[in-house]
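Inside the fold
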Amino acid sequence: MKPFCLLHSALLLLQPNPSLSPSPPSRQVSAMREPRRPLLPLPLPHLLLVSLLSSSAAAPGAGAPPRTGGGGVARSIADMAWPTKCTWLPWPTCGKSHSYTLDTKEAVSAKDVSRKEPISGVIALKASMKYFDADFFNDSKLREMEDGAKEFNVPAFRDNRKLVALENGGLHNPSALVFKSSWSDESKISENKSFQYPHTSSVHRPSKDEDIAFMSIIELGELIRTKQVTSRELTAVFLRRLKRYGPIIESVITITDDLAYKQAKEADDLLEQGKYLGPLHGIPYGLKDIIAVPEYKTTWGSRTFENQILDVEASVYKRLKSTGAVLVAKLVTGSLAYDDIWFGGRTRNPWNIEEFSTGSSAGPAASTSAGSETAGSITYPAARCGVTALRTTFGTVARTGVMSISESLDKLGPFCRSAIDCAVVLDAIRGKDAGDPSSREVAIEDPFHVDIRQLTVGYLDSAEMEVVHVLSAKGVKLVPFKLNYTVQSVQSILNITMDVDMLAHFDNWQREGHDDDYEAQDQWPVELRRARLIPAVDYIQAQRARGKLIREVRESFTVDAFIGNVTDWELVCLGNLVGMPVAVVPTGLKSIKNPPEGGTQRRTTVTTGIYAPPDHDHVALALAMAYQSVTDHHKQRPAIDDLGPGDDIQR
């Protein structure tokens, strides 16, 4: 999963962040999936991502004293109000309901059956039940279960697959079970109003293309509005940079030259006619390659789908196109939105090209663009590559036309130069779409008009204290904070949810043996095979445990927002399960470990997260904007062209 972002900038900005990754737990379960280990000893977890994406690294838990609930009471078949013996008829193809007929032969008691020698099928079933934590059935019940599975379950499974599972990716036939993350009464939500953007005066065109490439959306928009630069000229700048740095960072799958120049010309023509569509008018950006664009490949980063062209216009692409934005590239997603390994290589971190960018939104982060999160695929690569990003409230951005991992976890969000730019992009892409039942018209307030002096913000032990001090100096009330909850199995809830959902979307892919062709055999292939052994009952129990977690987090969320480590795996899992937004904010740079003799320009980024309750993305953005208004960490540029005299890393 499921994370997305817009990007006007060249691929080369970002900052890595090995220091932000959580310490590896004694036992790791993949989820966002934890990103694979980079060249440096950095534990990684996943997403999606993105996000939608998304896969996993565990971090120390942050819960209150653990208390687990669970366990159901097994009812014997004799307790059920079914006839003593039923003969199930095959499922009809006419769409009518299933029926059964009674067998009038004398029923055989469980006691009599248990005296017989178990048949081979029962022996096999008995042996397998331990993997479902259900090895408490006697032979009589196992034989009944075997018969029922053959006569009822398997035919039903096959009929359902024919109806909805022959197409991979989850783009069609969304589930009727819709997750809602809102903590408020939806009947009170009003129609969205556009944000009122700040005006930037006295913006002048720089003489160097690189300086243009690192300008903000607001600044570039002003250059276009005042006709100091045309969209076509701006598009050419970014296409050159994509072609120059894309192969070094391995962040680009498809450069959309023809489409980009066509859309740029349309933007310029509209401006000549006196029609200005807003701050994204004529601005180049990229999309994570799980987002469908007609006539162009949507590869999902997988060699299985390397030549796939979907005749679908993703909702987020449609919305950006309506603002006059210009699509210049489809950017790398890890294969099937898992980590940073794809069919063409592995995406690197522009701040330290010896490292990988981590997370399935690797390309968007390394290029500063659009991505998704399911479990960490926005937060991890943004932190590693040192860009500002927003994991949006679940349901805020419609996922129509986007590869699905988990329909209750996937989210789309922007990777940008600054929090202001993220707000501009969010305003353009938010909103409901009929193709995504989970999408909502969330009435997010205008982040540019939030009075931060009225906010009480908590800070965890893991928070970057510079952020705490800066916000306090700007009038925000800062208090020590801790989320209290009793659910111990936060990570396992996420894994069970994500893996089962993903398998449902790629059932046919696995059955046809394509998992053997997967780029990293220790990632999705392992998780999706394991997911075959998760019973429906225990999937539902995981969702009930998720509901308990959400209620406890809501009760514990006594502040307007809180600051904490953005790559703490417990927080990544918790935030995605609850559906809460987080702004990823660069807070500095530090030297890499074991630098080469003679020095190097490669750096490690330092980043923090600003978390807000669901539907309060504007609060996280307002606080991030306040911090960035008096700091310049987000304006730094990686020295990808000059690593230093002592650095012999091959690019």
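See the structure above.
Small disclaimer: the values here were computed from a predicted structure and weren't measured.

Analysis parameters
- Residues numbered from 1 in each chain as written.
- Predicted model: local features only at pLDDT ≥ 70, side-chain atom pairs only at ≥ 80, totals over all residues.
- Heavy atoms only, no water.
- Salt bridge = Lys/Arg side-chain N within 4 Å of Asp/Glu carboxyl O.
- Helix = DSSP H or I, 4+ residues; strand = E, 2+ residues; numbered from the N terminus.
- Buried < 20%, exposed > 50% of the residue type's maximum accessible area, 1.4 Å probe, protein only.
- Expected span 1.5 Å × (residues − 1).
- Arc of directions from axis to C-beta.
- Axes fitted to C-alpha atoms, helices over the stretch in contact; angles between N-to-C directions.
- Parallel < 35°, antiparallel > 145°, perpendicular 65-115°, else oblique.
- Left-handed = near helix turned anticlockwise from the far one by under 90°.
- Contact = heavy atoms within 4.5 Å.
- Nonpolar A, V, L, I, M, F, W, Y, C, P; charged D, E, K, R; others polar.
- Phe/Tyr/Trp six-rings, centres within 6.5 Å; stacked < 30°, edge-to-face > 60°.
- Lys NZ or Arg CZ within 6 Å of the ring centre and 35° of its normal.

1. Describing the pattern of salt bridges
The final tally for this structure, using the stated rule, is 29 salt bridges. A salt bridge links Asp211 to Arg637, with the shortest nitrogen-to-oxygen separation between them at 3.0 Å. On the criterion of sequence distance, the pair formed by Asp211 in helix H4 (residues 209-213) and Arg637 in the segment after helix H18 (617-628) is long-range, its members being 426 residues apart. A salt bridge links Glu519 to Arg303; the nearest nitrogen and oxygen atoms lie 3.9 Å apart. Note that Glu519 is positioned in the loop between helix H14 (507-511) and helix H15 (524-531) and Arg303 in the loop between strand E4 (284-288) and helix H8 (315-322), a separation of 216 residues in sequence. Judged by its relative accessible area of 16%, Glu519 falls in the buried class. In the salt-bridge network here, residues are joined through shared partners; they are Glu210, Asp211 and Arg637.

2. Here we look at helix H7 (residues 257-272)
Helix length check: H7 (16 residues) gives 22 Å between terminal C-alpha atoms against 22 Å at 1.5 Å per residue, within 8%. Among the residues making up H7, those that are buried are Leu259, Ala260, Gln263, Ala264, Ala267, Asp268 and Leu271. With its buried residues spanning 165 degrees around the axis, H7 presents them on a single face. Pointing more than 90 degrees away from the buried face of H7 are the exposed residues Asp258 and Glu272.

3. As for the packing of helix H6 (residues 231-249) against H7
Angle between the axes and distance between the axes: these two values describe a pair of packed helices. At a minimum axis distance of 8 Å, the contact between H6 and H7 shows a crossing angle of 160 degrees. When the interaxial angle is binned, H6 and H7 end up roughly antiparallel. For the crossing formed where H6 meets H7, the hand is right-handed. Every residue of H7 that contacts H6 at Ser231, Arg232, Thr235, Ala236, Leu239 and Lys243 is listed here: Asp257, Ala260, Tyr261, Ala264, Ala267 and Asp268. Taken together, the residues of the contact of H6 with H7 sort by class into 6 nonpolar, 2 polar and 4 charged.

4. Points about the packing of aromatic side chains
This structure, assessed with the given rule, holds 15 aromatic pairs. Relative to Phe506, the ring of Phe305 lies with its centre 6.2 Å away and its plane at 70 degrees, an arrangement referred to as edge-to-face. With a gap of 201 residues between them, Phe305 in the loop between E4 and H8 and Phe506 in the loop between helix H13 (490-505) and H14 connect regions that are remote in the sequence. The exposure classification of Phe305 matches that of Phe506, with both residues buried. An aromatic cluster is defined as three or more aromatic residues linked by ring pairs; in this entry it consists of Trp183, Phe481, Phe557, Phe562 and Tyr611. In this structure, Arg346 packs its charged tip against the face of Phe356, placed 3.9 Å from the ring centre.

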